[in-house]
Amino acid sequence: MPSFTFYASAEAIPPTGATPVFCDIDPATFLVTPETVRAAMTPRTKAIVAVHLFGNPAPVAELLELGVPVVEDAAQAAGTIGPDGRPGALGTIASFSFYPSKNLGAFGDGGAITTSDDALAERVRTLRFHGSRDKVTYEEVGYNSRLDELQAAVLRVMLPELEHWAAHRHVVGAWYEEAGLGELAALPEPAPASAPAWHLYVIRRDDADALQAALAQAGVESRGYYRTPVHRQAAMAPYAGASGPLPGTDEAARTHLAIPISASITRAQVDEVVAAVRAASA
Ligand SMILES: Cc1ncc(COP(=O)(O)O)c(C=O)c1O
């Protein structure tokens, strides 16, 4: 699994009895590649976690060729179109987050798991209700992890909007390019033949923290989400030793900066952000 991701991607692993092993990313896409994953694999590798970070689709079809199940973390990628289909429909099993700020957000916490494997789907349904199929007999130790009915009701209203919200997020990426942002910073590189629904629009600059401060002065919020990659977090210390050096991860961690994007940001606002980046670069 990548270390350049939200901490929860890794946090889910130790409670299963498995050990997270961190691999590098390509800082241009922020994604794992078949090469970085292969370099971290051993005969004990049970699964690959592919994170579709910032909405950019990871190369799941190529990762499946490495011979172990691929778990997609699609938390940030609802609405993205990849070369082989949608995140959530590419690997062995996938998870989504409906945290309010996500591309498809509820009014509180929620999430979903998708899979085309009927047996896995049945197991997940059982686990979400305390490891029981009939609410009377308990086959294994599970969880209370049902989607709250109120959140489900909200999501039923939101879901039909996802396509045009996602399309807008994709268009905003094109607007940032058209407005000349690429002359001022490294822009995120979409995965080949993909149309990312950018959850976050994340540029790279050597002076990311100084740029953030200058943008704040101009009234433009920006943020470095993962300055400390997961393998350097205290809770992951027991597992970090299994990872080699991760230079792409360290570069992305140091240089990335998320600038404004949403399903409703306007072209004028995008131009305003680019003008603020330009002024901060003079
Ligand atoms: C990449 C990634 N994975 C996992 C999660 C966890 O999702 P949740 O907060 O719904 O548990 C998030 C966001 O919160 C995320 O961005």
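Structure first, text after, so check above.
Quick summary incoming for the structure in this document. Note that the coordinates shown come from a computational prediction; the quantities given were computed from them, not determined experimentally. (Residues numbered from 1 in each chain as written. Predicted model: local features only at pLDDT ≥ 70, side-chain atom pairs only at ≥ 80, totals over all residues. Heavy atoms only, no water.)

### Some points on helix α9 (residues 247-255)
Since there are 3.6 residues in each turn of an α-helix, residues three or four apart along the chain are aligned in direction. Turning to α9, its buried residues are Gly 248, Thr 249, Ala 252, Ala 253 and Thr 255. Those residues of α9 hidden inside the fold are in contact with β5 (201-204), α7 (208-217) and β6 (256-259). (Buried < 20%, exposed > 50% of the residue type's maximum accessible area, 1.4 Å probe, protein only. Helix = DSSP H or I, 4+ residues; strand = E, 2+ residues; numbered from the N terminus. Contact = heavy atoms within 4.5 Å.)

### Some points on the nonpolar core
In a soluble, globular protein the nonpolar side chains are often hidden away together inside. Residues Phe 4, Phe 22, Leu 53, Phe 54 and Leu 63 are the most contacted members of the largest nonpolar core, which totals 35 residues. By residue number, the principal contributor to this core is strand β1 (residues 48-51), which donates four residues. The two domains that each donate at least three residues to this core are domain 1 (8-160) and domain 2 (162-281). In this structure, Leu 63 is in contact with Val 32, Thr 33, Pro 34, Val 37, Ile 48, Ala 50 and Val 70, ignoring residues within four places of it in sequence. Ala 185, Ala 208, Ile 261 and Val 277 belong to the second largest nonpolar core, which has 24 residues in total. (Core = buried A, V, L, I, M, F, W, Y, C linked by side-chain atoms within 4.5 Å. Domains from an automatic or database assignment.)

### Observations concerning the sheet that holds strand β2 (residues 70-73)
Read from one edge to the other, the open sheet built from four strands follows the order β1-β2-β3-β4, with strand pairing classed as mixed. Edge positions in the sheet fall to β1 and β4 (111-114), since each of these pairs with one other strand and no more. Strand-to-strand twist in this sheet, taken as the mean axis angle between neighbours without regard to direction, amounts to 20 degrees. One ladder, built from four bridges, connects strand β3 (residues 93-97) with β4; its direction is antiparallel. Each residue of the ladder has a partner; that of Ser 97, found in β4, is Gly 111. (Pairing = 2+ DSSP bridges. Axes fitted to C-alpha atoms, helices over the stretch in contact; angles between N-to-C directions.)

### Digging into unusual backbone geometry
A positive phi angle is found at Phe 54, which is not glycine, with a value near 60 degrees. Position of Phe 54 relative to the elements: it lies in the loop between β1 and α3 (60-64). The class for Phe 54 is buried, based on a relative accessible area of 1%. A positive phi angle, near 65 degrees, is found at Lys 135, a position not held by glycine.

### Observations concerning the pairing of β6
Residues His 256 and Ala 258 line one face of β6 and the alternating positions Leu 257 and Ile 259 line the opposite face, and both faces are buried. Both β5 and β6 contribute to a ladder of four bridges, which runs antiparallel. Within β6, the residue paired with Tyr 201 across the bridge is Ile 259.

### Considerations on the site of the ligand
Every residue near the ligand is listed here: Thr 5, Phe 6, Ala 8, Ser 9, Val 51, Asp 73, Ala 75, Gln 76, Ser 97, Lys 102 and Gly 110. Out of a free accessible area of 380 Å², the ligand has 75% covered by protein chains. Counted by class, the shell around the ligand contains four nonpolar, five polar and two charged residues. (Near = heavy atom within 4 Å. Areas by Shrake-Rupley, 256 points an atom, 1.4 Å probe, with all protein chains shown as cover. Nonpolar A, V, L, I, M, F, W, Y, C, P; charged D, E, K, R; others polar.)

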